[in-house]
Amino acid sequence: MLPQIQLVIPELVLLCLASIALVLDTYSTSKNKVLTFRFVQISLLIVIALIFVVSPDTQEYAFNNHFISDPMSVVLKLVICIISLVVFFYSYEYLKEHENVKGEYFVLGLFAVLGMMIMSSAASLLTIYLGLELLSLSLYSMIAMHKDSLTASEAAMKYFVLGALASGMLLYGISMLYGVTGVLDLQGISSFANAGVDADMNIMLVFGLVFIVVGIAFKLGAVPFHMWVPDIYEGSPTAVTLFISTAPKIAAFAMTIRLLSDGLQDLLSDWQGMLIILSLLSMAVGNIIAISQTNIKRMLAYSTIAHVGFFLLGIISGTASGYAGSMFYIIVYAIMSMGSFGMIIFLGKKGYEADQLDDFKGLAKRSPWYAFIMLILMFSMAGIPPLIGFWAKWFVIKEVVAMGYVWLAAVAVVFSVIGAFYYLRIIKLMYFDEPDEMLAIKASRELRLVLSVNGMVILILGFIPGALMALCLSALS
Amino acid sequence: MSSDMESIYLAIVLAPLAGSLIAGLFGKLIGRSGAHWVTIIGVGISSVLSMYAFKDLMFDGGEIFNRSIYTWLTTGGISFEIGFMVDQLTVTMMVVVSFVSWMIHIYTIGYMHDDPGYQRFFSYISLFTFAMLMLVMSNNFLQLFFGWEAVGLVSYLLIGFWFKRESAIFANLKAFLVNRIGDFGFLLGIAAVLMTFNTLDYNQVFAMAPDYANSTISIISGTDWSLMSVICICLFIGAMGKSAQVPLHVWLPDSMEGPTPISALIHAATMVTAGIFMVARMSPLFELSETALTFVLVIGSITAFFMGLLGLVQNDIKRVVAYSTLSQLGYMTVALGVSAYSAAIFHLVTHAFFKALLFLAAGSVIMAMHHEQDMRKMGGLYRYMPITWVTSLIGSLALIGFPGTAGFYSKDAIIEAVHHSSLPFANWAYIAVLSGVFITALYSFRLFFLVFHGKERMDRNTWEHLKESPAVVTVPLSVLAIPSVILGVFLIGPMLFGDYFTAAIHVQANHDVLGVLGEDYHGVWSFTLHAFQAAPVYLALTGVAVAWLLYIKFPEIPAKIANRFKWIHQILINKYGLDDFNQLVFAGGARKTGSLLWQIGDVKIIDGVIVDGTASAIRWFSGKIRNIQTGHLYDYAFTMIIGLLLLLAVFVHHILG
Amino acid sequence: MITQYIFYFFAALLIIAAGMVVTVRNPVHAALFLVLAFFSTSAVWLMLEAEFLAIVLILVYVGAVMVLFLFVVMMLDINLVPMREGFARFLPVGIIIALLMAIAMGSVFTAIYFNGAHLDVVTPTATDVNNSRELGKLLFTEYLYPFEIAGAILLVAIVAAISLTLRTGRSKKTQDPSAQVSVKRADRVRMVKMKSEKKSG
C-alpha cells in the first residue's frame, strides 16, 4: 500500500494545501488578499517540486488501477502546474486592477489544478470522469463568482448547462463501455477490445465511443460542440477566460489520450473517422468566422476552435509520434493563448476591458516593446516560421501526411493561410493605425516582466523546438 | 582555406544584421548619424567581402562552398539546417545585392534627411539586406523559404513606412496578401519536394531529381500529373508572387507608395529578382518538365508585353519605372522559360544596376520637385539638374538596350535565345519580346523627355527652388551609372558563353539555346556589331524617335490619340481591370465570406432553417438575444444533439448496413 | 412472474412521472412528480437487491433535496410561462430529434446487444450478504481513490455555493446583536451646544 500512496503524494499534498488555503483565506484581511495569493503560488511551487521528486520514470499503477503514473502524466502535470502558476499571476494582476480580488478564486483554481492532475494520471473511466467534474465545477464557479457582472453570470449559466449536457453524454458513453466490457479500468478495456470482439459487441463499443468522443469534443471545443466557446470566452472576466483557455486544454489532451489511445486504440479506425470530421469542421468554422469578429476575446475563441482542429490532426494519425505532435501543439497553444490574454489584461484598466480589436490600434506607438510581443504572439498563432507556432503546425501536418492523409494536410494548410488573415489584421492595427488615445499604459513591473518572458519563450522555443519535441516524444514513448 | 571562407560568409551575412539591430534597438541612443554610419559600415563590410568572395571564386579558383552551419532540428530523418552554398550563381547575387544595397544606404542619407523615422528606416533596409543574403546563400529549401518570408515581411514594413498615408497602408496590405497567394504555392512546392525526396538539401534533391522525371502523382483520383511539373509550377507560383508576374503583379505598382530608396532596393534591384534567382537555382528541377518551362515562358511573355503597355499611360514618374520593372522581369522570366538561365541572371545583374540608377534618379527628381511625382508638372529639368540628367540618360539607354550599354547585351541575348527555342509558344514569346523592345523605348523616352526636356510646366514656387541634389545623392548615381554602361561588355563572354555557370546551372542538351548562340559568338565586339543587322536595335531607335515626335515635336498629338482610341486608353488606365477584379474577389471575398458564414452558419441555419424555417427567424433571434438563457441555450444544446446524431448515424449505423 | 409485473409497473410509473416533470405547468407539481420518479426508481433498485441505494435515494433525494427544492419553488414563486415561451416552437423539431435519437439508440439496443445472447442470468445473492457492508468495503478498498475525489468535488461544491451566496460589505443586510446590545448613548446621540437664536427684529 505504501508505495502506492507515494505515487499520489503530489495530488494529496495539493488537496491539503488547497484546504489550508481555504482556511488561510479567512485570515487574509487585506483588500488584495496578498496572503492567499502568495500561499497559492507557493503551493503550486511545492507541488511542482514534489512531482519532480516522487515521480518514477516507469509506468506504475496504484489504487486498483484507478491511478497511473507514467512519463506522460508526469510531463503533463508539470506543464499544467507551471502554466497555472503563470495564469494565476496574470489573473491576480487583473483582479487587483479591477478591485475584485477574492480568495476563493485562487482556492477554486487550486482545486481545478487538482482536477486536471487527476485527469492526467487517470487510469479508469471513473477517475477521468471525476477529475473532469472537479475541474469543470471549479471553472463554473470561478466564472459565476463575478456576481456583479451580468455577462459573467450568463456565461457561467451557459457553461454549466451545456457542460452538464456534455458530461451526461460522456457518462452515458462510459456506462456503455462498462456494460460491454464489465470493467472500468482502461487497461482492462484495452485488453478486452484487443482480445477480439464479435460484431455485436463491436457495435456497442462504437456506440459508446460516439458518446465519449462527443464528451471529449465538447471539452476541447471542437465543432459542432463548440457553441459554448465564444460566449464563455467573451462573457467571462478575462482572468477566467485566460485560465479556461490554457491549462484545461492540456487536461483535455490527457483525457483524449487516456480514453482513445490507452483504452480504445483498437477502435482506431472508428474514432479516426469521427475526429477527421470534427477536425475539418473546426478548422473551417473557426478560421472563417474569426475573420468577422471585432471583439478580440471572441476572435481568440474562434481561433481556439481552429487550433483544436489542427491539434486533432496529430491524434488522427493514431501513432505515438502523432500524439507527441498533438501534445506539442497543445502545450504551445497554451503558452500562446496565455500571452495573448495576458496582453488584454495588460491593456485593460479598472472598469474597462481592452477586449475590442480597436484597443490594439497604434500600440506600436504607445509601447513598441509590447506591440512587438503581441506581434510575436500573433505570428506564432498564425504559424509563421521561425516561431514556435509554425513548428506545432508542422509536426501535426507531418504526421497526417505520414499516415497518408495528404488531402487532409492540404486542407489544413489552406485553412492556416486563411487564418493568417485575422492575426495579421491585429498586427496591422498595432503598427499602421493611429491610436485612439495616447495614454501611457499602466501596469505593474511584475506584469511587464512576466509578459515579456512569455513572449520571449515563444521566440526562443522557435529556435529550439527539438527540445520540447523530444520531451513530448519521451512522454509518449 | 574553406574554413576561412566560412567565417567570411558568416561575416557577410551577419554584418548587416548587426547594423540593423544596433540601429533598430538603440536608435535613440546613437542618434541619426550613428544609425546611418553603423548600417553603412555593416553593409559596406558585407559588400567588400562579397567582392572578395567573387574574386576568390572567379579568378583564384576557390572551391564551391556548401556546408551546414547550424542544425536547427532533426525530426523523422529530415533535418532543418542553416547552411551556405556559395557557387558562381550565389556569389554573383551576393555582389549585386550587397553593392546595390550599399549605394542605396548612402543615398538614403540625403533622401530621408528630414524624416522622423530615420533610424527605423536604416534598420529596416539593413535587415532586408540580411534577409536577402540569407535567401541567396541558402543551401536548402527551408532557409530559402525563411529568407523568402523575411524579405517579404521587411518589404511589407517598408511599403507601409509612411503609415500615415492611407494609400500606403492599403498598398502594403495588398502586397502582403498577394504575396501570400504566391507563398502558398511556394510552400506547396516545398512540401511536394519534401514528400518526394524526403530531404530539403539542394544537392541531394538535385541529385535524385532525374530519377523522378517520369513519375506521376494523382492529386484528384483518376488523373495522373507529372510530379516534376507539379513541383515546378508550384514553386514558380511562389516566384510569380515575389517577382510580380501576371496575374500576381498587382502589388508592385502600388508598392511605389514606399520611400524611393525602397523602390530602388526592393522593388527593382533585389527582392523582385528573388523569384528569378530561385528558378535559376532550381534549374535541375525545371529542366525535367517542359510543361513547367512552357508555363514560365507564357507567363513571362505576357508580363513583358502587357505590363510595358501600361507604362505608356502612367503619369506618375515612379509608376512608369515600376511598370518598366514589371516588363523587364517578364523578360527575365521568358529567358528562364527557354532555359537560358544564364541570360536571365545576366539581365538580372545589369537590370539591378540600371534600374536602381533610374529609381534613384527619379528620387532625385522627386526631391527637387518637392515630392511632386506627376510628370505632367515637370519638364526642362536638364538645365537645373545636369548630373541627374546625364545619369538618367545612361539608365534609359541601358534600359532600352542601346548598343554598348549593359542592358543591350543582356536583353539581346534573351531575344536571341527565345528565337532559338523550340518550346511551344516560343514564337509568340519572340513576337512579344520584340515588340516589347519598341514599347520599352517609347515609354522610357516618354519619361525622359517629359521630365527633362520640353516646356517647364512646374509651378513658380517649385521652379524657384530647383537645384541639383546633394552629393550623397549624386555620388551613388554616378557610381551606379558606371556598371550600367560597362558591365555588359565584361560579363557577356564568361557569363553567357563561358563556363562560369556550369557548376551552378543545369541545362539539358536539347534545351540549350545559349549553346546554339555560343557557336556564333566570336567576342563581344562582333556581337555588338552583329546587333546592327538585327531588328531590336532599330525597334528601340524607332521607339526613341516616336517618343521624341510625340512629346517634344508635336506634344498635342498624344492627347488626340488618347481621345481617338479612348477604349484602349481606358483599358490601360484601368490596368486591364485586374486590380478591380482582385479587389472584388480576393480582398473583399475573404472578409465577406467570413461574415456571411457567420450569419448563415450561426444565425440562419441553426435558428432560422432548423428551428423556425422562416425569414422571421432573424427578428425572433434578436428578440431572443435579450432573453439569452432560453434562446441561445436551446440552440447550443440542439447543435450538440444534432452533432451527436450525425456521428451516430455515420459511425454506428453504417455498420448496421 | 409476479416480479416481472411489479417491475413493469414501476418502470412505467417512472417514465410517466419523468414525462410529467417536464410537461406540467405548475412547478410544485413538477417537483412532486420528481419525487414520484425517485420513488419508482428506488423500487426498481430494491428489486435489483440494491437495498442500500434504494434507501439512500429516498432519504437523500426525497427527504432532503426535494424538500429543499420545494421550499425554494414555493418561496420564489417562479413564473414558468416566459421560460416556456419557446416550447411550442421547439416542440416539432424537438420531437423529430427525439424520435431520431430514439430510433438510433433503440435499433442498437434491441437488435444487437440486448437480445439475450450476451446477457447473464442474474442469480440472487445469498440472504446473509449485507448490502451496505459490501458497498462500504468496495468504497474503501477498490474505489478508495475515486471516492476521495468525489469528496473533493463536494468540497468544491460547498466552497462555490458559499462564495456565490455569501454577501459581504454593503450588500449584506443582517443584524449584529452583539453590536446592537453594546451600543452606548454616546454612539447614537450627539449633544450640540449652540447659542439660542434671536428673532430677528
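Keep in mind the model is a prediction, meaning the values are calculated, not measured.

Engineer: Which parts of the structure should I look at to understand the overall build of chain A?
Structural biologist: Scanning chain A from terminus to terminus reveals 21 helices and two strands. Relative to the 2.2 N^0.38 estimate, which gives 23 Å for 477 residues, the radius of gyration of chain A is 21 Å and therefore close to what a compact globule would have. Projected onto the principal axes, the alpha-carbon positions of chain A cover approximately 70 × 55 × 40 Å. A burial count over chain A gives 69% of its 477 residues as buried. Expressed as a percentage of contacts within chain A between residues at least 6 apart in sequence, the contacts between residues at least 24 apart total 80%. Positive and negative side-chain charges of chain A, numbering 25 and 30 respectively, have mean locations separated by a distance of 11 Å.

Engineer: What is the right way to look at the overall build of chain B in this model?
Structural biologist: Looking only at helices and strands, chain B has 28 helices and four strands in total. The buried share of chain B, taken over its 657 residues, is 60%. Counting only contacts in chain B whose residues sit at least 6 apart along the sequence, the fraction spanning at least 24 positions is 79%. Roughly 24600 Å² of accessible area belongs to chain B as shown, and the carbon and sulfur atoms make up 66% of that amount.

Engineer: Please explain the packing of helix α7 (residues 150–181) of chain A against helix α10 (residues 228–235) of chain A as it appears in this structure.
Structural biologist: Packed helices, taken two at a time, are described by the angle their axes make and the gap between the axes. Residue and element names in this part refer to chain A. Relative orientation of the contacting elements α7 and α10 amounts to 150°, with a least axis distance of 8 Å. Judged on the interaxial angle alone, α10 and α7 are roughly antiparallel. Two packed elements cross with a definite hand, and for α7 against α10 that hand is left-handed. Facing α7, whose interface residues are Thr151, Ala152, Ala155, Lys158, Tyr159 and Leu162, α10 presents Trp228, Asp231, Ile232 and Gly235. Residue composition of the contact of α7 with α10, grouped by class: six nonpolar, two polar and two charged.

Engineer: Can you walk me through the side chain of A:His226 in this structure?
Structural biologist: Looking at where A:His226 falls in the secondary structure, it is placed in the loop between α9 (199–220) and α10. Each residue touching A:His226, except ones within four places of it in the same chain, is listed here: A:Gly221, A:Val285 and A:Ile305.

Engineer: Sorry, what's going on with the packing of helix α14 (residues 296–317) of chain A against helix α19 (residues 406–432) of chain A here?
Structural biologist: Residue and element names in this part refer to chain A. Relative to each other, α14 and α19 sit at 160°, their axes nearing to 11 Å. For the element pair α14 / α19, the angle class is roughly antiparallel. Seen along the crossing, α14 lies across α19 with a hand that is left-handed. Contacts between α14 and α19 involve Ile296, Met299, Ser303, Ala306, His307, Phe310, Leu313 and Ile316 from the first element and Leu408, Ala412, Ser416, Tyr422, Tyr423 and Ile426 from the second. Split into classes, the residues belonging to the contact of α14 with α19 amount to 11 nonpolar, three polar and no charged.

Engineer: Would you mind showing me how to read the pattern of salt bridges here?
Structural biologist: Any two side chains of opposite charge can pair, on the condition that their charged atoms come close. All names here are of chain A. Per the counting criterion, the structure on display carries 14 salt bridges over all chains. Linking Lys350 and Glu99 is a salt bridge whose minimum nitrogen-to-oxygen distance equals 3.7 Å. With Lys350 in the loop between α15 (320–347) and α16 (363–366) and Glu99 in the loop between α4 (71–97) and α5 (103–120), this pair connects stretches of sequence that are 251 residues apart. The exposure class of Lys350 is partly exposed, given its relative accessible area of 48%. By relative accessible area, which is 46% here, Glu99 ends up partly exposed. We note a salt bridge from Lys158 to Glu154, for which the minimum N-O separation is 3.3 Å. Of the two residues, Lys158 and Glu154 both sit in helix α7, four residues apart, roughly one turn of that helix. The class of Lys158 is buried, set by a relative accessible area of 3%. For Glu154, a relative accessible area of 22% corresponds to the partly exposed category. When salt bridges with common partners are traced through the structure, they connect Glu154, Lys158, Asp231, Glu234 and Arg298 into a single cluster.

Engineer: Where do I start with the interface of chain C and chain A in this structure?
Structural biologist: Often the size quoted for an interface is simply the accessible area lost on bringing the parts together. With 27 residues of chain C in contact, the opposing surface of chain A contributes 37 residues. Between the two partners, chain C and chain A, sit zero salt bridges. Where chain C touches chain A, the interface holds two residue pairs in polar contact (both at pLDDT 80 or more). Mapped by element, the contributors of at least two residues to the side of chain C that touches chain A are α4 (87–113) and α6 (144–165) of chain C. When residues in the side of chain C that touches chain A are grouped by element, the largest group, 13 residues, is from α6(C).

Engineer: Can you help me understand the interface of chain B and chain A in this one?
Structural biologist: Each partner contributes to the interface: chain B provides 50 residues, whereas chain A provides 56 residues. Contact with chain A buries area across many residues of chain B, yet B:Trp72, B:Tyr636 and B:Met640 alone supply 15% of it, more than any other trio. There are zero salt bridges connecting chain B and chain A. Where chain B touches chain A, the interface holds one residue pair in polar contact (both at pLDDT 80 or more). Elements represented by at least two residues in the side of chain B that touches chain A include exactly β1 (65–75), α5 (141–159), α6 (166–197), α26 (578–612) and α28 (628–656) of chain B. Split by residue class, the side of chain B that touches chain A holds 35 nonpolar, 11 polar and four charged.

Engineer: How should the environment of B:Leu135 be read in this particular structure?
Structural biologist: All names here are of chain B. Looking at the secondary structure, you find Leu135 in helix α4 (residues 118–137). When its relative accessible area of 0% is taken as the criterion, Leu135 is described as buried. Distance in space between the C-alpha atoms of Leu135 and Phe84 is 9.7 Å, their sequence separation being 51 residues. Here Leu135 is in contact with Leu144, Gly147, Trp148, Val151, Ala274 and Phe277, once residues within four sequence places are set aside.

Engineer: Help me understand helix α21 (residues 465–476) of chain A in this model?
Structural biologist: All names here are of chain A. Its 12 residues place the ends of α21 17 Å apart at the C-alpha level, agreeing with the 16 Å of an ideal helix rising 1.5 Å per residue. Those residues of α21 that fall on the buried side of the exposure criterion are Pro465, Leu468, Met469, Cys472, Ala475 and Leu476. Each buried residue of α21 sits inside an arc of 120° when the element is viewed along its axis, so together they form one side.

Engineer: What is the right way to read the packing of aromatic side chains from this model?
Structural biologist: Taken as a whole, this structure holds 46 aromatic pairs over all chains when the rule is applied. With a centroid separation of 4.5 Å and 35° between ring planes, the pair formed by A:Phe346 and A:Tyr370 is classed as tilted. Of this pair, A:Phe346 sits in helix α15 while A:Tyr370 sits in helix α17 (residues 368–382), and the two are 24 residues apart along the sequence. Both residues of the pair, A:Phe346 and A:Tyr370, count as buried. Taking 4.9 Å as the distance between ring centres and 70° as the angle between the ring planes, the aromatic pair formed by B:Phe408 and B:Tyr409 counts as edge-to-face. Each member of the pair, B:Phe408 as well as B:Tyr409, carries the same accessibility label: buried.

Engineer: Explanation requested: the confidence of the model for chain B in the structure shown.
Structural biologist: Residues and elements named next belong to chain B. When the pLDDT values of chain B are averaged, the result is 80; 88% of them are 70 or greater. Confidence drops under pLDDT 50 across residues 601–631; counting only partners more than four residues distant or on other chains, this segment forms 50 contacts. Reported for the predicted complex are a pTM of 0.73 and an ipTM of 0.91.

Engineer: For this particular structure, what's the right way to read unusual backbone geometry?
Structural biologist: Working note: non-glycine residues mostly have negative phi, and peptide bonds are mostly trans. Residue A:Pro224 follows A:Val223 across a cis peptide bond; omega there is 5°. Among the secondary structure elements, A:Pro224 is positioned in the loop between α9 and α10. Phi at B:Asn198 takes a positive value of approximately 60°, unusual for a residue other than glycine. You can call B:Asn198 partly exposed: its relative accessible area is 45%.

Engineer: What am I meant to see in the environment of A:Val413 here?
Structural biologist: Tracing the chain through its elements places A:Val413 in helix α19. Separated by 103 residues in sequence, A:Val413 and A:Phe310 have C-alpha atoms that sit 9.7 Å apart. With residues near it in sequence (within four places) discarded, A:Val413 still touches A:Ile397, B:Phe184 and B:Leu187.

Engineer: Is there a simple way to explain a nonpolar patch on the surface in this structure?
Structural biologist: Residue and element names in this part refer to chain B. Where nonpolar side chains cluster on the molecular surface, the patch consists of Leu21, Ile22, Leu25, Phe26 and Leu29 and spans about 530 Å² of accessible area. Sorting elements by how many residues they give to the nonpolar patch places helix α1 (residues 2–25) first, with three residues. Structurally, the position occupied by Leu29 is in helix α2 (residues 27–58).

Engineer: For this particular structure, what's the right way to read the environment of A:Phe211?
Structural biologist: Relative to the helices and strands, A:Phe211 resides in helix α9. It is 9.7 Å that separates the C-alpha atoms of A:Phe211 and A:Ser167, two residues lying 44 residues apart in sequence. Contact partners of A:Phe211, with chain neighbours within four places excluded, come to A:Met169, A:Leu170, A:Tyr172, A:Gly173, B:Leu644, B:Leu648 and C:Met101.

Engineer: Would you take a moment to explain the state of the cysteines for this structure?
Structural biologist: Between two cysteines, a covalent bond joining their sulfur atoms is known as a disulfide. According to the stated counting rule, one finds zero disulfides over all chains in the structure shown. As a non-bridged cysteine, A:Cys16 has A:Cys81 as the owner of its nearest cysteine sulfur, 15 Å distant. Residue A:Cys16 is classed as partly exposed on the basis of its relative accessible area of 45%. Between B:Cys232, a free cysteine, and B:Cys234, which holds the nearest cysteine sulfur, the sulfur-to-sulfur gap is 9.4 Å.

Definitions and cut-offs
Residues numbered from 1 in each chain as written. Chains lettered and ligands numbered in written order. Predicted model: local features only at pLDDT ≥ 70, side-chain atom pairs only at ≥ 80, totals over all residues. Heavy atoms only, no water. Helix = DSSP H or I, 4+ residues; strand = E, 2+ residues; numbered from the N terminus. Rg over C-alpha atoms; globule rule 2.2 N^0.38 Å. Buried < 20%, exposed > 50% of the residue type's maximum accessible area, 1.4 Å probe, protein only. Contact = heavy atoms within 4.5 Å. Lys, Arg positive; Asp, Glu negative; His and termini not counted. Charge placed at Lys NZ, Arg CZ, Asp CG, Glu CD. Areas by Shrake-Rupley, 256 points an atom, 1.4 Å probe, with all protein chains shown as cover. Axes fitted to C-alpha atoms, helices over the stretch in contact; angles between N-to-C directions. Parallel < 35°, antiparallel > 145°, perpendicular 65-115°, else oblique. Left-handed = near helix turned anticlockwise from the far one by under 90°. Nonpolar A, V, L, I, M, F, W, Y, C, P; charged D, E, K, R; others polar. Salt bridge = Lys/Arg side-chain N within 4 Å of Asp/Glu carboxyl O. Polar contact = N/O pair within 3.5 Å; in protein donor to acceptor, adjacent residues only side chain to side chain. Buried area = accessible area lost by both parts, 1.4 Å probe. Expected span 1.5 Å × (residues − 1). Arc of directions from axis to C-beta. Phe/Tyr/Trp six-rings, centres within 6.5 Å; stacked < 30°, edge-to-face > 60°. pLDDT = per-residue confidence, 0-100. Patch = residues over 30% accessible without salt bridge, like charges linked within 9 Å, V, L, I, M, F, W, Y side chains within 5 Å. Disulfide = S-S within 2.5 Å.

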